[in-house]
Amino acid sequence: MRSRITNREEPYYVLLDEVQYAISDEEMRGEEPPRLYGVLNGLLRMRNVDVYVTGSNSKMLSTNVMTEFRGRGDEVRVRPLSFAEFMQAYDGDVQHGWAEYVMFGGMPLTLSMRSDEQKSLYLKNLFEETYLKDIVSRNGLRRSQELDDLVDVLASSIGALTNPPKIKATFASVLHSGISTNTIMQYIGHLEDAFVIEEARRFDVKGRKYIGSPKKYYFEDMGLRNARLGFCQIEQTHIMENIVYNELRTRGYNVDVGVVDRRGTSEGVPYRKRLEVDFVANLGNRRCYIQSAYQLPTPEKVAQEKPRCSRSTTASRRSSSYATWSNPSATSTASSR
């Protein structure tokens, strides 16, 4: 490689793709730094060389490579296409584009495929042959069936609060499996490292603090999630929520699930009701409270959704405003400060 860099004045660009395959398991377990680090260090000393390292494992890139070269590089997260990006390449109107995006997600290659069969087969193979096999191989998993079952459980419950003990109970009652809570936590971590899912923690808006479990898990691409379930569980409400979450993350927000306690009296009896705000999104000093709803067909439905955001802004002592935007038959209500 260095022999090709013959001119110290001209710019050179070095691209190393799927870098996780350049570091062996033995090197990762050893005390000495992997050989790749020496190669990168040598290139970084050359002022006319720009080095781009890419990979599909967040632990390998963020924890290992970026830690080794802290202060000498920037991390850029590349996500599946957002709906706006998807529509820039989609040949059709927004209604059909939304239906396509909900079903097949934002993997760019699907836009070049003509038939639903092609897209379905591609996404299924991508998930099974690339994502899952990489997780099993990289982490030396012996019981891949348990990982498969966990993916199915998480894919079936997007938008639902859960935690490892709850998942363990599901394994025991439905799958008759004795998988441990620790194993479930490790597998969830592997799925996050492989950019399959992301975790959203609960945030007490009034108390301004994080609450422990349960949490929510969202898939980074709906096409992969749907392919995993054989395109059978197309629940528009939950998919809409997942897509809104991904959109916020694409825009750079840190996203939590909001919790607001509502107190009052009914017939002289005091009560306390815990309401959920779908998302509390933070970007710098900006905070947004977002309630996602696939449809707002009646005034009653609007009245049900809006107080959650208004209670949130009241608890934070911020003024509230509401914006409603629509995709075909789909609506989200947002309150921002």
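Everything that follows concerns the structure shown earlier in this document.
Counting restarts for each chain: residues are numbered from 1 in the order of the written sequence. Confidence filtering applies because this is a predicted model: local features only for residues at pLDDT of at least 70, side-chain atom pairs given and counted only at 80 or more, and all residues used for totals across whole chains, interfaces and linings. Based on all heavy atoms of the structure, the side-chain values leave hydrogens and waters out of the count.

**Student:** How would you summarise the nonpolar core if you had to cite specific residues and measurements?
**Tutor:** In this structure, Leu-150, Leu-154, Leu-191 and Phe-219 are the most contacted members of the largest nonpolar core, which totals 54 residues. Should any heavy atoms of two residues lie within 4.5 Å, those residues are counted as being in contact. Apart from residues lying up to four places away in sequence, Phe-219 is in contact with Phe-127, Val-151, Leu-154, Ala-155, Ile-158, Val-196, Ile-197, Arg-225, Asn-242 and Asn-246. Counting 12 residues, the second-largest nonpolar core is a separate cluster that includes Val-14, Val-19, Ile-23 and Leu-43. To qualify as a nonpolar core, a set must consist of buried Ala, Val, Leu, Ile, Met, Phe, Trp, Tyr and Cys residues joined through side-chain atoms within 4.5 Å. Each residue is placed in one exposure class: buried if its accessible area under a 1.4 Å probe, protein chains only, is under 20% of its type's maximum, exposed if it is over 50%, and partly exposed if it falls in between.

**Student:** Account for the packing of helix 7 (residues 144–155) against helix 9 (residues 181–193), with residues named and values stated.
**Tutor:** Here an angle of 0 to 180 degrees is reported between the N-to-C directions of two axes, which are lines fitted to C-alpha atoms, with helices fitted over the stretch in contact. We count a stretch as a helix when DSSP gives it H or I for four or more residues in a row; a strand needs E for two or more, and each element gets its number in order from the N terminus. Orientation of helix 7 relative to helix 9, taken along the N-to-C sense of each, is 75°, at an axis distance of 11 Å. Comparing the axis directions of helix 7 and helix 9 gives the class roughly perpendicular. Facing helix 7, whose interface residues are Glu-146, Leu-147, Leu-150, Val-151 and Leu-154, helix 9 presents Thr-183, Ile-184, Tyr-187, Ile-188 and Leu-191. Amino acids are sorted into nonpolar (Ala, Val, Leu, Ile, Met, Phe, Trp, Tyr, Cys and Pro), charged (Asp, Glu, Lys and Arg) and polar (every other residue, Gly among them). Of the residues in the contact of helix 7 with helix 9, the class split is 8 nonpolar, 1 polar and 1 charged. Throughout, the term roughly parallel applies to angles under 35 degrees, roughly antiparallel to angles over 145, roughly perpendicular to angles from 65 to 115, and oblique to all others.

**Student:** So what's going on with the packing of helix 5 (residues 94–104) against helix 11 (residues 236–250)? Residues and values would help.
**Tutor:** Close contact between helix 5 and helix 11 brings their axes to 11 Å; oriented N to C, the two are set at 90°. Classified by the angle between their axes, helix 5 and helix 11 sit roughly perpendicular to one another. Residues Trp-98, Tyr-101 and Val-102 of helix 5 form the contact with helix 11, whose own contacting residues are Gln-236, Ile-239, Met-240 and Ile-243. Residue composition of the contact of helix 5 with helix 11, by class: 6 nonpolar, 1 polar and no charged.

**Student:** So what about the side chain of Thr-162? Which residues, and what values?
**Tutor:** Turning to its location among the elements, Thr-162 is positioned in the loop between helix 7 and helix 8 (164–175). Look past the residues within four positions of Thr-162 in its chain and what remains in contact with it is Ile-167, Pro-214, Lys-215 and Tyr-217.

**Student:** Which residues make up the pairing of strand 6 (residues 269–283), and what values do they have?
**Tutor:** Of the pairings in the sheet, the one linking strand 5 (residues 254–266) to strand 6 comprises 12 bridges and is antiparallel in character. In the sheet register, Val-259 faces strand 6, and the bridge partner there is Glu-276. Two strands qualify as a pair provided that DSSP identifies no fewer than 2 bridges between them. Linking strand 5 to strand 6, which pair antiparallel, is a turn of 2 residues; within it Glu-267 sits at a positive phi near 55°. Once strand 6 ends, the chain turns through 2 residues before running back antiparallel as strand 7 (residues 286–293), passing Gly-284 with a positive phi of about 65°.

**Student:** Summarise unusual backbone geometry; cite the residues concerned and give the values.
**Tutor:** Residue Glu-18 is not a glycine yet carries a positive backbone phi of 50°. Residue Glu-18 is classed as partly exposed on the basis of its relative accessible area, which comes to 29%. For His-176, which is not glycine, the phi torsion reads 55° and is therefore positive. Inspection of the secondary structure assignment puts His-176 in the loop between helix 8 and helix 9.

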